[in-house]
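Observations on chain architecture
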Amino acid sequence: MKYILVTGGVISGIGKGIIASSVGTILKSCGLHVTAIKIDPYINIDAGTFSPYEHGEVFVLDDGGEVDLDLGNYERFLDIRLTRDNNLTTGKIYQSVINKERRGDYLGKTVQVVPHITDAIQERVMRQAKVSVDDDGIEPEVCVIELGGTVGDIESMPFIAAFRQFQFKVKRENFCNIHVSLVPQIVCRCSTPLETAVKEKISMFCHVEPEQVICIQDVSSIYRVPLLLEDQGMLEFFCRRLDLSIEMRPRKMLTKWKEMSDRSDRLLEQTSIALVGKYTKLSDSYASVIKALEHSALAINYKLEVKYIDSADLEPAALQEEPVKYHEAWQKLCSADGVLVPGGFGVRGTEGKIQAINWARRQKKPFLGVCLGMQLAVCEFARNVLGWEDANSTEFDPETKHPVVIEMPEHNPGQMGGTMRLGKRRTLFKNTSSFLRKLYGDAEYVDERHRHRFEVNPELKQHFEDRGFRFVGQDLEGERMEIIELDDHPYFVGVQYHPEFTSRPIKPSPPYFGLLLAASGKLQNYLQKGCRLSPRDTYSDRSGSSSPDSEISEIKFPSLS
């Protein structure tokens, strides 16, 4: 096993996650099996109870793990499936050591940071590095480890101490460290390429060879970072330093990445999506949603404009309190080509989201509702079509006479962390004419990731379906409503799951792909041409050309079967 530790200096948020993901990408392009571990020095057990404004979005894994958003980068770049144990926190380490001490595993010894905490860190890393993250079940050969925060932070010190010991435990030829630092003008991050003299100066003072000083300047797309690393000889360095036996030949995977990056730089047409949410002041709150939109826009050769709308600004009360914000919000909504209402928690802004959904339904604007977005679409239809004026979720109005969204039986309201319906679950399609079924390659079922405490009330299902509001996807027992579609609408879709978590740069998520197709006016043409295959490989296998496909109909998608 080869271990590559990525640390950061000067400031947090310097780009360690992208560097770690890019390093893994160029190694995987050589045919190596690569896994990734993110270490977060905070004391929380996991990211499940974080506010999006505190730490960005909470990323959900197949096994229900609620983890740091950097694991989303690893999965997207490397096209792997991680587990909750790939996110290591101070809280998890101390909890495991304290549990062992209470059981008497230390035989009465004084339990200390060194060696007990540092040993626990090393044991966790070595154990998790062996867990397969690819569909073929093969044990990884390389583990890329990102240490969150900044070297020098007091909470990072046990981890630094652990890896100081670790390098000798696994031997020099199996361990190396990449330190990401800032060169003001954030391998070295900067706005323009470094001159040779500057690289030599860094080399001298950091006690590394000049070729080991890698410059990652600002680029047009994060997907150019793996190419930048390879151009500066990082792959050759790893081969020497870690004694990797790989052939230095043109690699199909990186060819696709270059093709994708070149296409991204040459896009001319543009489409806009109104993202109506409550955490719009911090884009990281919707990191995976934005990436899923970007993947789908690139697949159809369109630039993406995201119009962020604070849902509270759409509510009638905003007209009285802040009329300028109210009119600006509605102007953004009305000028967008499509509308997306993502997941969220809490009552603030929900009426504004319902207003946006009502507008999209009546104006026949392409709409996608995710998790809470789907639940609110049910509320909107119940109020304005079924005539149930007080229809609501019991999350927001426990006394409503028309509880169209209800709490799930397994939810424990007395505890916050880990009490939701989490992780990968199967959804069965109930008819063959569904938009989404066709976009998924005419699949009979899909496995997607969930994160919710409330669900559509199954007892009221027939009232909706009688009026053309179809529950086209349900769980295995037929009790949980998973996918909605509306008759006589170009694209009105809601999903209870979070499809953004499994979207990949070269494999866009079907619900988001459908939204972008509809927003750009291409959906009907795409369906008429026999869309029975899912968007699994949007980029060609041509090694010499990176020109974009001229028409969406030319995109070749392999079958799911």
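Residues numbered from 1 in each chain as written. Predicted model: local features only at pLDDT ≥ 70, side-chain atom pairs only at ≥ 80, totals over all residues. Heavy atoms only, no water.

So the rule is basically this: UniProt positions are given in the numbering used here, feature names are shortened, and annotations may be inferred rather than shown by experiment.
Taking an unreviewed UniProt entry as the reference, the protein is identified by name as CTP synthase belonging to Cyprinus carpio. The annotation that UniProt attaches to the protein under Catalytic activity (unreviewed entry) is "UTP + L-glutamine + ATP + H2O = CTP + L-glutamate + ADP + phosphate + 2 H(+)".

Re the overall build of the protein
Condition: Put simply, DSSP H or I for four residues or longer makes a helix, DSSP E for two residues or longer makes a strand, and each gets a number counted from the N terminus. What the globule rule says is 2.2 Å times the number of residues to the power 0.38, and the radius of gyration is computed from C-alpha atoms. Throughout, exposure labels follow a simple rule: accessible area from a 1.4 Å probe, protein chains only, divided by the maximum for the residue type, with under 20% read as buried, over 50% as exposed, and the rest as partly exposed.
Tallying secondary structure elements over the protein gives 19 helices and 21 strands in all. Taking 561 residues into account, the globule formula puts the C-alpha radius of gyration at 24 Å, and the protein, at 25 Å, falls close to it. For the protein, the spread of C-alpha atoms along the three principal axes comes to 70 × 65 × 50 Å. Among the 561 residues that make up the protein, the fraction classed as buried is 58%.

Some remarks on the environment of Leu439
Tracing the backbone shows Leu439 in helix α16 (residues 435–439). On a C-alpha basis, the gap between Leu439 and Gly514 in space is 6.9 Å, while along the polypeptide they are 75 residues apart.

Concerning empty space enclosed by the protein
Rule in force here: Cavities and pockets were defined on a 1 Å grid built over protein atoms only: a cavity is a set of grid points that admits a 1.4 Å probe from which the probe cannot escape, a pocket is an open set flanked by protein on both sides within 12 Å along at least five of seven lines, and lining residues are those with an atom within 4 Å of any such point. Grid points are joined across faces, edges and corners, and a volume is the space filled by probe spheres set on the points. The residue classification treats Ala, Val, Leu, Ile, Met, Phe, Trp, Tyr, Cys and Pro as nonpolar and Asp, Glu, Lys and Arg as charged. All others, Gly included, are polar.
The calculated volume of the largest cavity comes to roughly 70 Å³. Forming the boundary of the largest cavity are Gly344, Phe345, Cys371, Leu372, Gln375, Glu395, His452, Arg453 and Phe454. Taken together, the residues of the lining of the largest cavity break down into 4 nonpolar, 3 polar and 2 charged.

Re the side chain of Asn457
Operational definition: Two N or O atoms form a polar contact when they lie within 3.5 Å of each other; inside protein one atom must be a possible hydrogen donor and the other a possible acceptor, and for residues adjacent in sequence the pair counts only when both atoms belong to side chains. Only heavy atoms enter the contact rule, under which two residues are in contact if any of them lie within 4.5 Å.
As for its placement among the helices and strands, Asn457 is situated in the loop between β18 (454–456) and α17 (461–465). Among the residues examined, Asn457 registers a relative accessible area of 9% and is labelled buried. A polar atom in the side chain of Asn457 sits 3.0 Å from the backbone oxygen of Pro403. Setting aside residues no more than four positions away along its own chain, Asn457 makes contact with Pro403, Val404, Val405 and Ile406.

A word on helix α15 (residues 372–384)
Rule in force here: In this analysis, the expected span of each helix is defined as 1.5 Å times one less than the number of residues it contains.
Look at α15: 18 Å from first C-alpha to last across 13 residues, which is about the 18 Å you get at 1.5 Å a residue. Most of α15 sits out of view: 12 of its 13 residues are buried. Taken residue by residue, α15 has Leu372, Gly373, Met374, Gln375, Leu376, Ala377, Val378, Cys379, Glu380, Phe381, Ala382 and Arg383 as its buried positions.

Regarding the sheet that holds strand β15 (residues 403–407)
Counted only if it meets this: If DSSP finds at least two bridges between two strands, the strands pair. Orientation is described by axes fitted as lines to C-alpha atoms, over the contacting stretch for helices, and by angles from 0 to 180 degrees between their N-to-C directions.
Strand order in the open sheet formed by 3 strands is β14-β15-β18, and the pairing between neighbours is mixed. Each edge of the sheet is formed by a strand with only one pairing partner; in this case those strands are β14 (392–393) and β18. Both β15 and β18 contribute to a ladder of 3 bridges, which runs antiparallel. Opposite Ile406, over in β18, you have Glu455 as the bridge partner. On top of the sheet, α15 reaches β14, β15 and β18; it is set at about 150° to β15, its chief contact.

As for the packing of aromatic side chains
Note the threshold: Within 6.5 Å between ring centres, the rings of Phe, Tyr and Trp (the latter by its six-membered ring) count as paired, and their orientation is classed by plane angle as stacked under 30 degrees, edge-to-face over 60, tilted in between. Here, a charge over a ring means that NZ of Lys or CZ of Arg falls within 6 Å of the ring centre while also lying within 35 degrees of the ring normal.
Enumeration according to the criterion identifies 21 aromatic pairs in this entry. For the pair Phe163 and Phe166, a centre-to-centre distance of 5.7 Å together with 80° between the ring planes defines the contact as edge-to-face. Taken together, the positions of Phe163 and Phe166, both in helix α6 (residues 157–170) and 3 residues apart, correspond to about one turn of that helix. The exposure class of Phe163 is buried, given its relative accessible area of 5%. According to the relative accessible area criterion, Phe166 is buried, its value standing at 0%. What links up through ring pairs into an aromatic cluster is the set Phe381, Trp388, Phe464, Phe469 and Phe471. Across the ring face of Tyr445, the terminal group of Arg426 is positioned such that the distance to the ring centre comes to 3.8 Å.

Description of the sheet that holds strand β10 (residues 270–277)
Taking strand neighbours across the sheet as the criterion, the 9 strands line up as β11-β10-β12-β13-β21-β20-β19-β16-β17 in an open arrangement whose pairing is mixed. The open sheet has two edge strands, β11 (303–310) and β17 (445–452), and neither has a second partner. Within the sheet, the average angular offset between the axes of one strand and its neighbour, ignoring direction, is 25°. Across 5 bridges, the pairing between strand β19 (residues 469–474) and strand β20 (residues 481–486) is antiparallel. Bridge pairing links Gln474 to Met481 in β20. Set on the sheet, helix α14 (residues 350–362) makes contact with β10, β12 (338–341), β13 (367–370), β20 and β21 (492–495); between it and β12 the angle comes to about 150°.

What to know about α6
Relative to the 20 Å expected for 14 residues at 1.5 Å per residue, α6 spans 20 Å between its end C-alpha atoms, a close match to the ideal helical length. If you check which residues of α6 are buried, you get Pro158, Phe159, Ala162, Phe163, Gln165, Phe166 and Val170. Just downstream of α6, Lys171 is the residue with a positive phi angle, here 85°.

So, the pattern of salt bridges
The cut-off we apply is this: Any carboxyl oxygen of Asp or Glu within 4 Å of a side-chain nitrogen of Lys or Arg constitutes a salt bridge here.
Evaluated as defined, the whole model comprises 30 salt bridges. A salt bridge links Asp79 to Arg504, with the nearest nitrogen and oxygen atoms 3.3 Å apart. Exposure remark for Asp79: the relative accessible area of 32% places this residue in the partly exposed category. A salt bridge links Arg224 to Asp262; the shortest N-O distance between them is 2.8 Å. Note that Arg224 is positioned in the loop between β9 (215–217) and α8 (225–231) and Asp262 in helix α10 (residues 252–266), a separation of 38 residues in sequence.

A closer look at the nonpolar core
As a reminder of what qualifies: Buried residues of nine kinds, namely Ala, Val, Leu, Ile, Met, Phe, Trp, Tyr and Cys, make up a nonpolar core once their side-chain atoms join them within 4.5 Å.
With 52 residues, the main nonpolar core has Ile4, Val23, Leu27, Ile178, Leu229, Met234 and Phe238 as its most contacted residues. Per element, the largest residue contribution to this core is 6 residues, and it comes from helix α1 (residues 16–28). Setting aside its immediate chain neighbours within four residues, Met234 contacts Val23, Ile26, Ile178, Val187, Ile214 and Leu229. Core analysis: the next-biggest nonpolar cluster, separate from the first, contains 42 residues, Trp330, Ile357, Leu376 and Phe492 among them.

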